[in-house]
Amino acid sequence: MPIKPLMKVDEAKERILRSMPVMPGEDISITEALGRVTSCNIYSRRTQPPAALSSMDGYAIRFSDITDVPSEFIRVGSAKAGGSYSGTLNQNETVRIFTGAPVPAGADTIVIQENVDAENENDGARIIIRQRPQKGRYIRSLGLDFKKGELGIRVGKKLTSRDIGLAAAMNMPWLSVRRRPKIAILATGDEIVRPGESINKNQIVSSNSYTLSALVKAAGGEPAARLMVATPPAFPTYRMSMDGVRNMPVGRGHRNEYPLAAVAQLTEVTMADAGVAVLDYFGLTAARSELTADIAGHYIV
């Protein structure tokens with residue numbers, strides 16, 4: 001029998017991907033979304049920052065009150081992150097402000113604390129500004145990062161840690177992503193056993209299927225099954241009926257064995273970890289053509 005030339009890697013990949021369906025979307029927690037692929041555009045549910053915020057610790061003032069330096073102001077209150085000053089600044093009044101706090105009404109400039117001499121840390125204290133500030137400096141304006149309804153993450157984006165942080169800031173506890181393709185991995189050979197099982201002198205420990213399982217996970221798939229396949233009853237005739245292929249039991253050593261066709265119907269791809277050169281030994285050459293034809297979107301590799 002003439003030996004067929006090996007298929008090129010790029011052609012093999014193209015065939016497999018061509019047979020793969022587009023995975024449906026599912027909603028998952030952002031804590032589980034790293035590395036997943038978005039199934040739709042993601043829009044912000046809020047404006048960030050939600051108000052003009054101070055980006056430094058210091059004093060909020062009206063820039064127009066700076067006529068010369070040094071200039072004297074009277075502290076009338078304070079504002080910290082998570083709180084705010086409820087009043088409106090009048091002439092030569094200032095509010096002690098901390099990073100992340102909303103800028104008080106009337107204020108338009110933050111003077112950093114390093115450029116101020118404070119009489120004390122109480123309201124009513126005299127505050128001396130020693131260096132002329134720049135108008136509007138150290139204020140993060142409303143919506144500087146993004147606004148409500150703005151597109152934040154596009155469809156088809158593989159989510160990074162930066163994307164997860166952005167989604168959280170956009171107030172998105174759940175994200176719509178493509179479901180991971182389910183991959184069945186068949187380890188073939190009477191000579192292989194699982195790690196930790198009893199083993200005789202004619203057997204070896206199965207390792208390829210575990211390697212493939214890890215590679216599937218790293219590529220974004222879900223190893224849905226890692227099953228052992230024993231020598232089929234058809235051996236050594238090298239022939240098996242199509243019904244035999246569909247019903248070929250997989251799952252040796254499990255509590256239950258499953259027909260190969262049933263496993264195929266629950267997954268997008270079946271990977272056969274062949275331990276012999278002639279795949280017909282296990283009927284998998286026939287399985288490739290039969291199941292690919294019978295089960296839409298399925299492929300055996």
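None of the values given here were measured: they were computed from a predicted structure.

Cut-off values and rules
- Residues numbered from 1 in each chain as written.
- Predicted model: local features only at pLDDT ≥ 70, side-chain atom pairs only at ≥ 80, totals over all residues.
- Heavy atoms only, no water.
- Helix = DSSP H or I, 4+ residues; strand = E, 2+ residues; numbered from the N terminus.
- Buried < 20%, exposed > 50% of the residue type's maximum accessible area, 1.4 Å probe, protein only.
- Areas by Shrake-Rupley, 256 points an atom, 1.4 Å probe, with all protein chains shown as cover.
- Salt bridge = Lys/Arg side-chain N within 4 Å of Asp/Glu carboxyl O.
- Arc of directions from axis to C-beta.
- pLDDT = per-residue confidence, 0-100.
- Contact = heavy atoms within 4.5 Å.
- Pairing = 2+ DSSP bridges.
- Axes fitted to C-alpha atoms, helices over the stretch in contact; angles between N-to-C directions.
- Core = buried A, V, L, I, M, F, W, Y, C linked by side-chain atoms within 4.5 Å.

All right, on to the overall build of the protein then. Summing up its helical and strand segments, the protein has 6 helices and 20 strands in all. Expressed as a percentage of the 301 residues in the protein, the buried residues total 35%. Total accessible area on the protein is roughly 17,200 Å²; 53% of this is exposed by carbon and sulfur atoms.

In total, this model carries 10 salt bridges according to the counting rule given. Notably, a salt bridge pairs arginine 140 with aspartate 145, separated by 2.7 Å at the nearest N-O pair. Looking at aspartate 145, the relative accessible area reads 40%, which means it is partly exposed. In this structure, lysine 157 and aspartate 163 form a salt bridge, with 2.6 Å as the shortest nitrogen-oxygen distance. Looking at lysine 157, the relative accessible area reads 32%, which means it is partly exposed. On the basis of relative accessibility, which here comes to 9%, the residue aspartate 163 falls in the buried class. Residues joined by salt bridges that share partners form a network here, namely Arg75, Arg96, Glu121 and Asp123.

Those residues of helix 3 (residues 208–218) that sit buried are Ser209, Ser213 and Val216. The buried side chains of helix 3 occupy one side of the element, clustering within an arc of 60 degrees when seen end-on. Counted as exposed and oriented over 90 degrees from the buried face of helix 3: Leu215 and Ala218. Looking one or two residues beyond helix 3, the residue adopting positive phi is glycine 220, at roughly 100 degrees.

Next up on the list: the environment of proline 21. Mapped onto the fold, proline 21 is located in the loop between helix 1 (9–19) and strand 1 (25–29). Separated by 160 residues in the primary sequence, proline 21 and proline 181 have C-alpha atoms spaced 9.0 Å apart.

For the protein, per-residue confidence averages 81 on the pLDDT scale, and 73% of positions sit at 70 or higher. The low-confidence segment residues 233–246, where pLDDT is below 50, has 21 contacts with residues more than four positions distant or belonging to other chains. Counting contacts from residues 275–282, a segment whose pLDDT is below 50, to residues more than four positions away or on other chains yields 23 contacts.

A few words on the sheet that holds strand 5 (residues 71–79). One key point about sheets: their strands pair by backbone hydrogen bonds, in either a parallel or an antiparallel sense. With respect to topology, 6 strands assemble into an open sheet ordered 7-4-6-5-9-8, the strand pairing being mixed. The open sheet is flanked by strand 7 (109–112) and strand 8 (116–118), the only strands paired with a single partner. The average angle at which neighbouring strand axes cross in this sheet is 40 degrees, direction not considered.

With the exception of glycine, the majority of residues adopt a negative phi angle, and the majority of peptide bonds are in the trans configuration. For the peptide bond that leads from glutamine 48 to proline 49, omega is -10 degrees, which places it in the cis range. Here the bond from valine 69 into proline 70 is cis, since omega is 0 degrees, no more than 30 degrees from zero. Summarising the element assignment, proline 70 is placed in the loop between strand 4 (58–61) and strand 5. Its identity as a non-glycine residue notwithstanding, tyrosine 138 has a phi of 65 degrees, on the positive side. Following the sequence through the fold, tyrosine 138 ends up in the loop between strand 9 (126–129) and strand 10 (139–140). Positive phi values are uncommon outside glycine, yet asparagine 171 reaches one of about 65 degrees. Along the polypeptide, asparagine 171 turns up in the loop between helix 2 (161–169) and strand 12 (174–178).

We now examine the nonpolar core. Leu159 and Leu175 are the most contacted members of the largest nonpolar core, which has 13 residues in total. Broken down by secondary-structure element, the contributors of at least two residues to this core are helix 2 and strand 12. Beyond its immediate sequence surroundings of up to four residues, leucine 159 is in contact with Ala33, Leu34, Gly35, Arg36, Thr38, Ile153, Ile164, Leu175 and Val177. With 9 residues, the next largest nonpolar core counts Val95, Ile97, Ala101 and Ala107 among its residues.

A word on helix 2. When helix 2 is considered as a whole, its buried residues turn out to be Asp163, Ile164 and Ala167. All buried residues of helix 2 lie within an arc of 100 degrees about the axis, which places them on one face of the element. The exposed set on the far side of helix 2, more than 90 degrees from its buried face, consists of Ser161 and Arg162. Contacts made by the buried residues of helix 2 are with strand 11 (151–153) and strand 12. Positive backbone phi, at 65 degrees, marks asparagine 171, one or two positions downstream of helix 2.

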